Every structure is written in C-alpha cells, then in structure tokens.
Amino acid sequence: MATNFKPHLPIIDISPLLVKCDDPDMMDDTGVAEVVRKLDRACRDVGFFYVIGHGISESLMRKVKEMTHRFFELPYEEKLKIKITPAAGYRGYQKIGVNYTSGKQDFHEAIDCYREFKQGKYGETGKVLEGLNQWPDNSQEYKGLMDEYIKLCTDLSRNILRGISLALGGSPYEFEGEMVGDPFWVMRIIGYPGVNQENVIGCGAHTDYGLLTLINQDDDKTALQVKNLAGDWVSAIPIPGSFICNIGDMLKILSNGVYESTLHRVINNAPLYRVCIAFFYETNFDAMVEPLEIFKEKYPGDKRSQVPKRVVYGEHLVNKVQTTFAKLLEYS
Ligand SMILES: N=C(N)NCCCC[C@H](N)C(=O)O
Ligand SMILES: O=C(O)CCC(=O)C(=O)O
Ligand SMILES: [Fe+2]
C-alpha cells in the first residue's frame, strides 16, 4: 500500500461507542459524542464508511475469507451439491452468471444465506425463503465458523445502529423497537474471478435492501466502488481489519430520507480471485417499515427530499430475490 494512500471514505474508530453501548446515557461521554458526530457526517455525505475498533478480531475476519477462498476453489460438481433453488428457499450456491442486477448478468458466484425461521412464521411471503442454509457437508468447520461470525456481526450491527440512532437525534434505541426488535439478516458469501476487461461487471450498481451492511473484503484487491454525492465512482480501497459499513433502503425509510442508501458496484480488474463476505442486518421480516415518528417530527422534509414510501420489508426482500434469480430455473 502506498504511503500517501488516502481513502475516499471516512474511517471511524467506534471503540468509544462499544465501551458505552449498554449505558443509556452514553451520549454524555465525549468519546461517544465524537463517534456519533462522525457517523452523522458519514451517513449524510456518502452513506459508506470504514469501521475500525469494532472488536471483531482480524484473525477471525481473515479466517472467514480463507475458508471462503477454499470453498470457491472446489470443483463445480462439489459446489453444485449445495445448489441454490427456489425449493431450497433461495439458499445455497449459485454459479457465475446466475445472479442478475438491473437485468444484466453479474460476474460472480456466491453462497446465499438467510436467517432461519420456523415454517409458516411469515406466511405466504416468507414461504419463498423457507429452508435451511446449505453448507458443504464435509466441512462442519466452515458452518461453525460462519455461525460464530454471524452472531458477532449481528451484535456489532445493533451497536453501530445505536450510534446512528443518536446521530439522527433520537435515543440510542430507535432501531430496536417494534420494527427492528427481531432483526432478520442476510449473508452473501461472494467470489469474483479477476477479469481483464473494464466492461465485465462483478456486481451491477444497486443499493442494499435492509438497514446496515458490513463488508469483509480481501485486503489485496480494490474492486468495490461507491457513488459519491458528486456522482463519481470512488473505490473502497481495502483497509485490513476494517469493515466497510453502508446504509440500506430500510434505514433510508426509517430516517425519513435523512440518510440515503448509496449506489455501489463491484468490478474486479485485478488478476486475482477476490472474495467478499457481505452481512446484511435488516428490520423484522414482517415489519411495515415507514418513517419513525420521531424523525418525521425532527425532519419534516423539504421539497427536495421525497418522503420515502412505506413497505413491508419481507416483501421488498422477496421481490428483490425473485428478480435477481428470475432466470434461475434455466440454469438448473
Ligand atoms: N441482500 C442484498 N443487499 N444483496 C445485494 C445484492 C445486489 C445484487 C442483486 N442482484 C440485486 O439486483 O439487487
Ligand atoms: O463485493 C463487495 O464488496 C460488495 C458486494 C455487495 O455490494 C452486495 O453483495 O450487496
Ligand atoms: Fe451491496
């Protein structure tokens, strides 16, 4: 890494927030107030930031990526043993070209996972995603590691959202009430072969669907690009040990449009295979998501900002999944 390296996205050390995150008066702490101020700036300016001081060990983050590289190195026949299908609740492995974004094929392969839930819990909408996550059966180790990782990412997301809740001028707990008390999560374990052409897109431009995303990416390739306020694509250069954190569609709605979900895409022009583990922290699956009263009062909105419409999160997710995999049956 060049010594004059200057990332385009803010870097936020959230350790002061984590120390105090169970104290309702955390905002009285000057360290917390400083983190909150930085979160507000980052969420208003670009909607993407690096998180350091997050308490998840760099060795665990690295192990997750190493095991993922090992999985994608397996022969296709092996990987296809845990193939994604509608009957499996859209959980499991998809080969390159199966995933579509805005009607175009993406150049990545992935394992998709969702929080598991009891059959029937979320009615007709939920049925689409019913099933158990699929892991290579010769690797209890991978599943065990990822279960631990998911637990840590869930706690971390909730704690970052306490800071974001304060940043919006609320109590620390605005994102833990009725709509978010039982958070759903999604995880995509993604592999992008290196390609030598500018026009092969690893993942087309999109916003994320939920509240908050935590991205754990390889340290030695730059591929994720973020659209900034000026409309330019800026690279999210890897910072070892950090997560890249970004805002999703549900946070935009809950915040009454004060924080935007930011467009991003992936182009891996490196000669090397890149992996990324994207963890998506979401609202309750069956939540009717609409701007929170407190933020409607604080930010009545001006003519520029369109007030976001309300949506049942599970319906938003299922719509996205079905569009993404509209061509799935042609591949099985
Ligand atoms: N769960 C989330 N956020 N997944 C993001 C995937 C984005 C690409 C997908 N093909 C799409 O068209 O949305
Ligand atoms: O590969 C990445 O860095 C990001 C992937 C992503 O944006 C997504 O899966 O939603
Ligand atoms: Fe994304």
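Remember, it's a predicted structure, so these values are computed and weren't measured experimentally.

Each value, and the rule that gives it
Residues numbered from 1 in each chain as written. Chains lettered and ligands numbered in written order. Predicted model: local features only at pLDDT ≥ 70, side-chain atom pairs only at ≥ 80, totals over all residues. Heavy atoms only, no water. Helix = DSSP H or I, 4+ residues; strand = E, 2+ residues; numbered from the N terminus. Rg over C-alpha atoms; globule rule 2.2 N^0.38 Å. Buried < 20%, exposed > 50% of the residue type's maximum accessible area, 1.4 Å probe, protein only. Contact = heavy atoms within 4.5 Å. Areas by Shrake-Rupley, 256 points an atom, 1.4 Å probe, with all protein chains shown as cover. Near = heavy atom within 4 Å. Polar contact = N/O pair within 3.5 Å; in protein donor to acceptor, adjacent residues only side chain to side chain. Donors = N, O, S within 2.8 Å, 3.2 Å for Na, K, Ca; no water. UniProt positions renumbered as here; feature names shortened; annotations may be inferred. Pairing = 2+ DSSP bridges. Axes fitted to C-alpha atoms, helices over the stretch in contact; angles between N-to-C directions. Parallel < 35°, antiparallel > 145°, perpendicular 65-115°, else oblique. 1 Å grid on protein atoms, 1.4 Å probe; cavity = no way out; pocket = protein on both sides within 12 Å on 5 of 7 lines; lining within 4 Å. Points joined across faces, edges and corners; volume = space filled by probe spheres on them. Nonpolar A, V, L, I, M, F, W, Y, C, P; charged D, E, K, R; others polar.

K.L.:
What is the right way to read the overall build of the protein chain from this model?
P.N.:
Across its full length, the protein chain carries 9 helices and 16 strands. A globule of 332 residues ought to have a C-alpha radius of gyration of about 20 Å, and the protein chain, at 19 Å, matches this closely. Among the 332 residues that make up the protein chain, the fraction classed as buried is 54%. A separation threshold of at least 6 residues defines the contact pool for the protein chain, and within that pool the share at least 24 residues apart is 79%. Total accessible area computed for the protein chain in this model is approximately 15000 Å², and 51% of it derives from carbon and sulfur atoms.

K.L.:
Sorry, what's going on with the site of ligand 2 here?
P.N.:
Residues in close proximity to ligand 2 include I190, Y192, H206, D208, I215, L224, H264, V266, R274, C276 and F280, which together make up its full environment. Taking Y192, its side chain carries an N or O atom lying 2.7 Å from an oxygen atom of ligand 2. Within the side chain of H206, a nitrogen or oxygen atom sits 3.0 Å from an oxygen atom of ligand 2. For ligand 2, the protein covers 97% of the area, taking 300 Å² as the surface of the free molecule. Elements that contribute at least two residues to the shell around ligand 2 include exactly strand 7 (185-192), strand 13 (264-266) and strand 14 (274-281).

K.L.:
Looking at this structure, how should I read the environment of S165?
P.N.:
Mapped onto the secondary structure, S165 falls in helix 6 (residues 140-167). Exposure remark for S165: the relative accessible area of 0% places this residue in the buried category. Contact partners of S165, with chain neighbours within four places excluded, come to G170, S171, P172, Y173, E174, F175 and F295. Within the structure, S165 has its side chain in polar contact with the backbone oxygen of S171 (distance 2.5 Å).

K.L.:
Please explain the coordination of the iron ion (ligand 3) as it appears in this structure.
P.N.:
Any two of four tetrahedral donors ideally make an angle of 109.5 degrees at the metal, while pairs among six octahedral donors ideally make 90 or 180 degrees. Looking at the iron ion (ligand 3), one finds its protein donor set to be H206 (NE2), D208 (OD) and H264 (NE2), positioned 2.1 to 2.2 Å from the metal centre. One chain supplies every donor to the iron ion (ligand 3), and in sequence these donors are spaced H-x1-D-x55-H. Pair noted here: D208 is in the loop between strand 8 (203-206) and strand 9 (212-217) and H264 is in strand 13, with a separation of 56 residues, a long-range link. Comparing D208 with H264, the two get one shared label, buried.

K.L.:
In this structure, what is going on with the UniProt feature "domain: Fe2OG dioxygenase" (unreviewed entry) in the protein chain? I would like to understand it.
P.N.:
As annotated by UniProt and renumbered to match this structure, "domain: Fe2OG dioxygenase" (unreviewed entry) occupies residues 183-283. For residues 183-283, helix accounts for 6% and strand for 41%, while the C-alpha atoms at its two ends are 5 Å apart.

K.L.:
Would you take a moment to explain the sheet that holds strand 13 for this structure?
P.N.:
Strands belonging to one sheet form pairs held by backbone hydrogen bonds; the direction of such a pair is parallel or antiparallel. Taken in spatial order, the 4 strands make up an open sheet running 8-13-10-11, and their pairing is antiparallel. Both outer strands of the open sheet, strand 8 and strand 11 (233-235), are each paired with one neighbouring strand and no more. Adjacent strand axes in the sheet meet at a mean angle of 20 degrees when their direction is disregarded. Note that strand 10 (residues 224-227) and strand 13 share 3 bridges and pair antiparallel. Counted as the bridge partner of L224 is V266 from strand 13.

K.L.:
Could you clarify how one ought to interpret the pairing of strand 10 in this entry?
P.N.:
One face of the sheet, then the other: side chains in a regular strand alternate in exactly this way. Relative to strand 11, strand 10 is paired through 3 bridges, and the arrangement is antiparallel. Each bridged residue has a counterpart across the sheet, and for K227 the counterpart in strand 11 is W233.

K.L.:
Can you help me understand the packing of helix 2 (residues 30-45) against helix 6 in this one?
P.N.:
Packed helices, taken two at a time, are described by their axes: the angle between them and the distance between them. Relative orientation of the contacting elements helix 2 and helix 6 amounts to 80 degrees, with a least axis distance of 8 Å. One finds that helix 2 runs roughly perpendicular with respect to helix 6. Listed contacts from helix 6 to V32, V36, L39, D40 and C43 of helix 2 are I160, G163, I164, L166 and A167.

K.L.:
So what exactly am I meant to see when it comes to empty space enclosed by the protein here?
P.N.:
It is the rolling of a water-molecule-sized probe over the atoms that shows where space remains empty. The final tally for this structure, using the stated rule, is 2 cavities of 30 Å³ or more. Size it by volume and the largest cavity reaches roughly 40 Å³. Surrounding the largest cavity, K65, N216, Q217, D219, P238, I239, P240, S242 and I244 form its lining. Broken down by class, the residue content of the lining of the largest cavity amounts to 4 nonpolar, 3 polar and 2 charged. Here the second largest cavity is characterised by a volume of approximately 40 Å³. Around the second largest cavity, the lining residues are E58, M61, R62, K65, D219 and G241. Per-class residue counts for the lining of the second largest cavity are 1 nonpolar, 1 polar and 4 charged.

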